[in-house]
Amino acid sequence: MDMQEQTPQTTACSLRELNVEEKARIVSIKACGELGRRIRDMGLVPGVDVEVIGRAPLRDPIALRISGFTLTLRNNEADLIFVERLK
């Protein structure tokens with residue numbers, strides 16, 4: 001059996017995949033450069049809990065609740081943030 005077969009499956013998904021009222025914890029950010037810095041500056045860093053509180057009619061942008069404030073992200077930004085759903 002090789003190492004890949006022994007590795008457990010992760011439950012991480014992109015932030016964009018969450019539904020309204022769903023909560024999750026950030027596990028990784030795949031953005032680099034200026035966009036990565038801007039995302040981190042907004043408080044979106046691994047270990048932080050977020051909740052999707054709304055979406056625009058065409059599902060872009062996505063509204064999040066993080067550390068007591070509301071933040072909106074475009075879907076292309078949300079695609080670069082990976083989370084694990086919280087029960």
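Our subject in this report is the structure included herewith. (Residues numbered from 1 in each chain as written. Predicted model: local features only at pLDDT ≥ 70, side-chain atom pairs only at ≥ 80, totals over all residues. Heavy atoms only, no water.)

**Remarks on the sheet that holds strand E6 (residues 81–85)**
Consideration 1: In spatial order, the strands read E1-E6-E2-E3-E4-E5; together these six strands make up an open sheet with antiparallel pairing. What marks the edges here is a single partner per strand, and that holds for strand E1 (12–14) and strand E5 (69–73). Between one strand and the next, the sheet's axes are offset by a mean angle of 45 degrees, whatever the strand orientation.
Consideration 2: Direction of pairing for strand E2 (residues 23–29) relative to strand E3 (residues 49–55): antiparallel, over a ladder of three bridges. If you follow Arg25 over to E3, its bridge partner there is Asp49. (Pairing = 2+ DSSP bridges. Helix = DSSP H or I, 4+ residues; strand = E, 2+ residues; numbered from the N terminus. Axes fitted to C-alpha atoms, helices over the stretch in contact; angles between N-to-C directions.)

**Brief notes about the side chain of Glu22**
Consideration 1: In this fold, Glu22 is placed in the loop between E1 and E2.
Consideration 2: Among the polar contacts made by the side chain of Glu22, one reaches the side chain of Arg85 at a distance of 2.5 Å.
Consideration 3: When neighbours within four sequence positions are excluded, Glu22 is seen to be in contact with Val50, Glu51, Val52 and Arg85. (Polar contact = N/O pair within 3.5 Å; in protein donor to acceptor, adjacent residues only side chain to side chain. Contact = heavy atoms within 4.5 Å.)

**Thoughts on the side chain of Arg55**
Consideration 1: You can see Arg55 is positioned in strand E3.
Consideration 2: Despite being buried, Arg55 has no salt bridge partner; Asp60 is the closest side chain of opposite charge, sitting 7.0 Å away.
Consideration 3: There is a polar contact of 2.7 Å between the side chain of Arg55 and the backbone oxygen of Arg16.
Consideration 4: In this structure the side chain of Arg55 is engaged in a polar contact, spanning 2.7 Å, whose partner is the backbone oxygen of Leu18.
Consideration 5: What Arg55 contacts, discounting residues up to four positions off in sequence, is Leu15, Arg16, Leu18, Val20, Pro61, Ile62 and Asn75. (Buried < 20%, exposed > 50% of the residue type's maximum accessible area, 1.4 Å probe, protein only. Lys, Arg positive; Asp, Glu negative; His and termini not counted. Salt bridge = Lys/Arg side-chain N within 4 Å of Asp/Glu carboxyl O.)

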